[in-house]
Amino acid sequence: MSDQAAGGDALAGGDRNPAEGDRNPAEGDAPPFVALDGVWREFGGSRRTPPTAALAGVDLAVRSGRSVGIVGESGAGKSTLLRLLLGLDSPTRGTVSYRGAPLDRRDRALMRRYRREVQVVLQDPRTSLDPRMTVARIVAEPLRSLKIGGDVSARVDEVLGWVGLDPDARTKYPAQFSGGQRQRIAIARALAPSPSVLVGDEPVSALDVSVREQVMDLLRRLQSELGLTLVLVSHDMAIVGQLCEETVVLRGGEVVEAGPTREVLTRPTAAYTRELLAAVPTLP
Ligand SMILES: Nc1ncnc2c1ncn2[C@@H]1O[C@H](COP(=O)(O)OP(=O)(O)OP(=O)(O)O)[C@@H](O)[C@H]1O
């Protein structure tokens, strides 16, 4: 992995400062991997109607090696934030920075580097994996699209091993696997180009509860063993609570609370966070 595990707080907006004790001195003063400063994303609007703000002044910093969960209900702005984090969209106001410099989407070389470093796992492997492609082709696809050379076949075997799939999976098709195994294939594909950051868009929400635990264990293990940075977007506080060191609560396009997960879970400052927590049957 190009980014080794380092500490530091995944500071986000809101009114809580992550505890200094969470800092790892190894992180030093390195800029966050990705940071949003006063980010707005507005849609539509005309002379008569104001635009809709999907994000309204969001500050967020994702530090290398950390795990950050972004939680919110439907319409909170999670998908909009995710598109910005993936470099698929630009803010209408404010800045997105990548390792301390503005992420300029017109800079093709920069965006190629960024896309190699940031890979995504989507919610539903039934739709995110092409049913006509073998597992080997699926997993190798980002290597091809990002023009990463080397021994592609060996790399496919290696990442399949990391997610607990045998090499004989290579010649099979997604339909020949269970839901959990398909999500493992999607994770292997995301790992193929050696990303620094794995972004999960509800990566376990579509899975059965028993399988969900196994895939969550896998994500946890990958994060610690590969030194990955994990950004998890979810409506489910319990999932974020189990996987992420830092939690950011989004509501109506604004960060209403942010800080170390254990503090957000045990001592929420925002009434909205308390409402979200009350809806979770058993907290981690
Ligand atoms: N392309 C768009 N055009 C107009 N409005 C949009 C667009 N994308 C998002 N919005 C609006 O921005 C707000 C936030 O949407 P977003 O999809 O980011 O929320 P979300 O938290 O991901 O919700 P969900 O969990 O339902 O996907 C919503 O009010 C939505 O209608």
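On a predicted model such as this, the values are computed, not experimentally measured, just so you know. (Residues numbered from 1 in each chain as written. Predicted model: local features only at pLDDT ≥ 70, side-chain atom pairs only at ≥ 80, totals over all residues.)

Here's the deal with the site of the ligand
Selection rule: Nearness between a residue and a molecule or strand is assessed with a C-beta atom placed from the backbone; a distance within 6 Å qualifies. Helix and strand assignments come from DSSP, with helices taken as H or I runs of at least 4 residues and strands as E runs of at least 2, each series counted from the N terminus. Residues are grouped as follows: Ala, Val, Leu, Ile, Met, Phe, Trp, Tyr, Cys and Pro are nonpolar; Asp, Glu, Lys and Arg are charged; all remaining types, including Gly, are polar.
Within the structure, the ligand sits among 13 residues, and Phe-43, Ala-54, Ser-74, Ser-79 and Thr-80 are positioned closest to it. Among the elements of the structure, strand S2 (52–62) and helix H1 (78–85) are those that each provide at least two residues to the shell around the ligand. Here the residues of the shell around the ligand are counted per class, giving 3 nonpolar, 9 polar and 1 charged.

Quick word on the sheet that holds strand S9 (residues 246–251)
The cut-off we apply is this: Paired strands, in this sense, are two strands between which DSSP finds at least two bridges. Angles shown run from 0 to 180 degrees and are taken between the N-to-C directions of axes, each axis being a line fitted to C-alpha atoms and, for helices, limited to the stretch in contact.
If you walk across this open sheet you meet the 6 strands as S6-S7-S8-S3-S9-S10, and the pairing is mixed. Of all the strands in the sheet, the pair left with one neighbour each is strand S6 (118–121) and strand S10 (254–260). The mean inter-strand angle of the sheet, taken between neighbouring strand axes irrespective of direction, is 15°. With 5 bridges joining them, strand S3 (residues 67–71) and strand S8 (residues 229–234) adopt parallel strand pairing. Bridged to Ile-70 within S8 is Val-233.

What about the confidence of the model for the chain?
In regions of low pLDDT, the predicted coordinates are not meant to be interpreted in detail. Going by this rule: pLDDT is a per-residue confidence score from the predictor, ranging from 0 to 100. Residues are scored as being in contact if the C-beta atoms we place from backbone atoms lie within 7 Å.
Mean pLDDT for the chain: 90, with 89% of residues reaching 70 or above. Every residue in residues 1–23 scores below 50 in pLDDT, and together they form 74 contacts with partners more than four places removed in sequence or on other chains. Scored by ipTM, the complex comes to 0.95, with pTM at 0.88.

Quick word on the packing of helix H4 (residues 135–145) against helix H6 (residues 179–191)
Note the cut-off: Left-handed describes a crossing whose near helix is turned anticlockwise from the far helix by less than a right angle; the clockwise case is right-handed.
Where H4 contacts H6, the two axes come as close as 7 Å, and the packing angle between them is 35°. For H4 against H6, the interelement crossing comes out right-handed. For the pair H4 and H6, contact is made by Val-135, Ile-138, Val-139, Glu-141 and Pro-142 and by Ile-185, Ala-188 and Arg-189, respectively. When grouped by side-chain class, the residues that make up the contact of H4 with H6 number 6 nonpolar, no polar and 2 charged.

Some thoughts on unusual backbone geometry
Its identity as a non-glycine residue notwithstanding, Lys-147 has a phi of 55°, on the positive side. Secondary-structure assignment places Lys-147 in the loop between H4 and helix H5 (152–162).

Regarding the pairing of S3
Two faces, one strand: in a regular strand the side chains alternate between the faces of the sheet. Where we set the bar: Exposed residues have 12 or fewer other C-beta atoms within 10 Å of their own C-beta, buried residues have 20 or more, and residues in between are partly exposed; the C-beta atoms are placed from the backbone.
In terms of burial, S3 is largely enclosed, as 5 of its 5 residues are buried. Burial of the side chains of S3 extends over both faces: Ser-67, Gly-69 and Val-71 are buried on one face and Val-68 and Ile-70 on the other. Across 4 bridges, the pairing between S3 and S9 is parallel. Among the inter-strand pairings, Val-71 is bridged to a residue of S9, identified as Val-249.

Quick word on the packing of H6 against helix H7 (residues 209–226)
The test is simple: Roughly parallel here means an angle under 35 degrees, roughly antiparallel means over 145, roughly perpendicular means 65 to 115, and every remaining angle is called oblique.
At a minimum axis distance of 9 Å, the contact between H6 and H7 shows a crossing angle of 20°. When the interaxial angle is binned, H6 and H7 end up roughly parallel. Considering only the axes of H6 and H7, their crossing is right-handed. Residues Gly-179, Gly-180, Gln-183, Arg-184 and Ile-187 of H6 form the contact with H7, whose participating residues are Val-211, Gln-214, Val-215 and Leu-218. Partitioned by chemical class, the residues of the contact of H6 with H7 number 4 nonpolar, 4 polar and 1 charged.

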